[in-house]
Amino acid sequence: MRLIQRPTPSPLHYLYAALGSLATVTAIVLLFTGDVERAAAAFTSVDINYLARVFLVVAVISLSGVLSYRSGIWNIGQEGQAVVGALAAVASRNALEAVALAALFSTLWILAPAVLRATAEVNEAVTTFLLSLVAIYTARYFIDGPLRDPAKKGFVVTVEAPYLDLLAAAVMYALLLAGIVALYKTRAGLTLRLLASGEEVVRYAGKSPRVYIAATLLLSGAVAGVGGAVEIMTREAGRYMTLQQVSTGFGLFGVSAAWLGGLHPLGAAAASLYIAWLYQVATNLKVMGLPALVANALVGSAMAWGLAGYVMYKYRVVWR
Amino acid sequence: MATSRRDWLKTVASFAVGAALGAGGTYAALQSIKTAVEKTATQTSATAASPTEAPKTAAGLPVMRIHFIYVGPIGDYGWTHAHEQGRRFLQKTLCPDPKKWCIVETSYTESVPEDQAYTYIKRALSNGAHMVFTTSYGFMDGTKQAASESPDRFFAHCSGFFKTPDEWARLRNFAEYFIDLYEAYYLNGLVAGRMTKTNKLGYVAAFPKLPEIIRHMNAFLIGAREVNPNVSMEVVGIGEWYSPDKARKAATSLIEAGADVLAFTEDSPTVLQVAEEQQKAGRKVWSFSHYSDMSQYGPDAHLTGQVVNWGPLYLEMAIRAYLSWISGDLSIWSEWPPERPRDYWWSMKNAYAGYDYRKNPADIITPLNPAVPDDVKTYVEKRRREVIEGVWDPFTGPVKDIRGNVRVPDRSRLSKDDLYNMDWYVEGYVKEPA
């Protein structure tokens, strides 16, 4: 089996991927609920606040994915950057400071992979992924040390992050989205996208590929960090981290949304809404008492379809 | 056509994801078929809070719906599995025959992320639950919030605390509960101290800085040094509740460092399995059960161990809530038991009768291995009786910490708060656990 690049990319395949994902989900839900009525209940009962919260978090992180993959750079450490962002939020006194610090610290967090990639061609997929493991241990150090809440008695828990209204989070996301759409219209944005065609192309355009590679990674990291901060600040209760649960998994959902949305900021928004809805369906299934693994597989299958859509968009499979 | 490195990466990544999902999907399918077969209770959709509107049994008793929220998957052993056993005990006891009489209907949600407890509790309430149990520390604030918003339902949260007496007085429909195991660890320590030939003990801890685990380790070491003052103990932290790989690595390194009795606080039987492999190879290495009876994983190496049956405690709380619910008198729930209303802290003392968890559901320790000498058995039984009667506690002074400072003065004991928030290590560790 080989993959052959299409002469012209075929955007229709994103639609096929979305339909395929929907078919998979329907099949899974029907299989596990066993009757149409319960399946319908699993699909239709929606808690608007919950959906909005998951959507906003996934959508912000998906922008990080778009920024990176659109330039052909593989930042897959969104989970870790989100953890760093959430830590920064916990350390802040108000929501505005939290967002600023989250962006700052997650930029610093991705600085090493960015510099290594730009100057020494070290594979950024490996470094960003490994750093997301490091992020968990770093977070545990802070949970157990400087950010520990003494009022929580013997329990090892951080202090609470400031509260962020869902509406404020939505406005912030809209600004971020508009900013990125606008960025891609500028000359710098064009160069960022050119990077996906190869470093030589950027060099030929008279720019330094190193600068743009580093900029891509730094921007991507900053946005993922903001996503982590939004996640912890919009919780209805328990806006703290515990030793046991540092990572929330939304980083990976953001990555899936970016791919499923065809690496376009608006596509990613649509895909994030879809993933948020899937997450709600998964929650409904869990509440019905179905195994949690099924629920997780739902969201996981969306990621597989997103990647498949991307591959089919660019390549044609030859079975030989 | 030549494929570039990056294209390769993309292709390989998509196939890897596909393969992982395929494997996960198959496992999930098998698991849920198993669950579907085991599951008999079905869910109805009434949302009434009052007993007059609730569905009735044939005997005319209203049926109270109780929902459990678990932090992990149920699996075959460990924390969530133990709570699931407790739920089944409750269901079986208060619903012996769904056709004749049955006053509870239980359901559960597994693998709920700690930050989303509130959402899941709200869902359970809108699905008609009258009472909700949440079983992870991280669920505490979400549960308290739901309790203050729904004063007509009952809530109980495992392993938390009341921040202030005011909060306790305000949340009258909310209880905290826990079953503590440090006394069982102390008895295990007595056995370990006499069984070790190298005078080196090993301990595999999920999080060596959690107060609960510090309490376990300290009690274990105090027991061992009570019968053998030459004993020292080394601790390896693995940073996860469930990670058989890391537990195996930790246990192996402890054995290589000379330890021949291994205790642990984490969610898998790996350490016991490692000890069993050593026994098979002819080396006397011992270990224990933790949380559920794990003796099947290491019949030779298994000395004893602590088990938890949440069933009796769930039964106690559910009966109080039920009586309070049907009578409309909240004090039956909120002011009892008189010594610690709505703050249940059970331990070995609540296992008054019998020394076998198979006969006495409240017992928290498994029978001793026949390889344990008789005089040790007698001594363990004596100490166990003293703990149950309340005349002895592992943390009875003088107890010194690792730096030699006296932490518990002579003939004093620790308060519940001191035990709950323990952040110091007793004498006898090789080095301070990190």
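Residues numbered from 1 in each chain as written. Chains lettered and ligands numbered in written order. Predicted model: local features only at pLDDT ≥ 70, side-chain atom pairs only at ≥ 80, totals over all residues. Heavy atoms only, no water.

### Re the pattern of salt bridges
(1) Moving on: Within the structure shown, the criterion is met by 36 salt bridges over all chains.
(2) Moving on: The partner of Glu386(B) in a salt bridge is Lys382(B), with the nearest N and O atoms 3.5 Å apart. Within this pair, Glu386(B) and its partner Lys382(B) are both found in helix α12 (residues 374–389), separated by 4 residues, close to a single helical turn.
(3) Moving on: Residue classification places Glu386(B) among the buried positions, given a relative accessible area of 18%.
(4) Moving on: What you see here is one network of salt bridges that share partners, running through Arg53(A), Glu231(A), Arg235(A) and Asp115(B). (Salt bridge = Lys/Arg side-chain N within 4 Å of Asp/Glu carboxyl O. Helix = DSSP H or I, 4+ residues; strand = E, 2+ residues; numbered from the N terminus. Buried < 20%, exposed > 50% of the residue type's maximum accessible area, 1.4 Å probe, protein only.)

### With respect to the sheet that holds strand β7 (residues 232–237) of chain B
Residues and elements named next belong to chain B.
(1) Moving on: Strand order in the open sheet formed by 6 strands is β7-β6-β8-β9-β10-β12, and the pairing between neighbours is mixed. Each edge of the sheet is formed by a strand with only one pairing partner; in this case those strands are β7 and β12 (365–366).
(2) Moving on: This element, helix α6 (residues 182–195), spans β6 (200–205), β8 (261–265), β9 (286–291), β10 (302–307) and β12 of the sheet and lies at about 170° to β10.
(3) Moving on: The strands touched by helix α9 (residues 270–280) are β6, β8, β9 and β10; relative to β9, the strand with the most contacts, the crossing angle is about 155°. (Pairing = 2+ DSSP bridges. Contact = heavy atoms within 4.5 Å. Axes fitted to C-alpha atoms, helices over the stretch in contact; angles between N-to-C directions.)

### Observations concerning a nonpolar patch on the surface
(1) Moving on: A surface patch of nonpolar side chains, amounting to about 420 Å² of accessible area, comprises Ile76(A), Val126(A), Phe129(A), Leu130(A) and Leu133(A).
(2) Moving on: Locating Leu130(A) in the fold gives a position in helix α6 (residues 124–144). (Patch = residues over 30% accessible without salt bridge, like charges linked within 9 Å, V, L, I, M, F, W, Y side chains within 5 Å. Areas by Shrake-Rupley, 256 points an atom, 1.4 Å probe, with all protein chains shown as cover.)

### Here we look at the pairing of β10(B)
All names here are of chain B.
(1) Moving on: Among the 6 residues that make up β10, 6 are buried, leaving the element largely enclosed by the rest of the structure.
(2) Moving on: Direction of pairing for β9 relative to β10: parallel, over a ladder of 4 bridges. Across the sheet, the residue bridging to serine 289 is glycine 305, located in β10.
(3) Moving on: Bridge count between β10 and β12: 2 bridges; the pairing is antiparallel. Pairing of glutamine 306 across the sheet is with isoleucine 365, part of β12.

### Section: the sheet that holds strand β11 (residues 343–346) of chain B
Residue and element names in this part refer to chain B.
(1) Moving on: If you trace the 6 strands from one edge of the open sheet to the other, you get β2-β1-β3-β4-β5-β11, paired in parallel fashion. Both outer strands of the open sheet, β2 (104–109) and β11, are each paired with one neighbouring strand and no more. Neighbour to neighbour, the strand axes of the sheet diverge by 20° on average, direction disregarded.

### Quick look at α6(A)
Residue and element names in this part refer to chain A.
(1) Moving on: A rise of 1.5 Å per residue sets the reference length of α6, with its 21 residues, at 30 Å; its end C-alpha atoms lie 30 Å apart and thus fit the reference within 8%.
(2) Moving on: When we look at burial in α6, the residues that qualify are Glu124, Ala125, Thr127, Thr128, Leu131, Ser132, Ala135, Ala139, Arg140 and Ile143.
(3) Moving on: As for α6, its buried residues are in contact with α4 (78–90), α5 (95–120) and α10 (209–233).
(4) Moving on: Of the residues flanking the start of α6, the one acting as N-cap is asparagine 123, its side-chain oxygen 2.7 Å from the backbone nitrogen of alanine 125. (Expected span 1.5 Å × (residues − 1). Polar contact = N/O pair within 3.5 Å; in protein donor to acceptor, adjacent residues only side chain to side chain.)

### Quick look at the packing of aromatic side chains
Residues and elements named next belong to chain B.
(1) Moving on: Using the criterion set out here, one finds 39 aromatic pairs over all chains in the structure.
(2) Moving on: Both rings, one in tyrosine 203 and one in phenylalanine 220, keep their centres 6.0 Å apart while their planes meet at 75°; by these two values the pair is edge-to-face. Taken together, the residues span a long stretch of sequence, with tyrosine 203 in strand β6 and phenylalanine 220 in helix α7 (residues 211–227) at a distance of 17 residues. Taken individually, tyrosine 203 and phenylalanine 220 each receive the classification buried, so the pair is uniform in this respect.
(3) Moving on: Pairing tyrosine 425 with tyrosine 429 gives two aromatic rings, centres 5.5 Å apart and planes at 85°, and the pair type is edge-to-face.
(4) Moving on: Relative accessible area serves as the criterion here: at 5%, tyrosine 425 is assigned to the buried category.
(5) Moving on: Connected via pairs of aromatic rings, a cluster forms that spans Phe68, Tyr70, Trp79, Tyr108, Phe133, Tyr177, Phe178, Tyr291, Trp310, Tyr314, Trp345 and Tyr420.
(6) Moving on: The ring centre of tyrosine 420 lies 5.6 Å from the NZ or CZ of arginine 215, which sits over that ring. (Phe/Tyr/Trp six-rings, centres within 6.5 Å; stacked < 30°, edge-to-face > 60°. Lys NZ or Arg CZ within 6 Å of the ring centre and 35° of its normal.)

Scope: geometric values only; no functional claims are made or implied.
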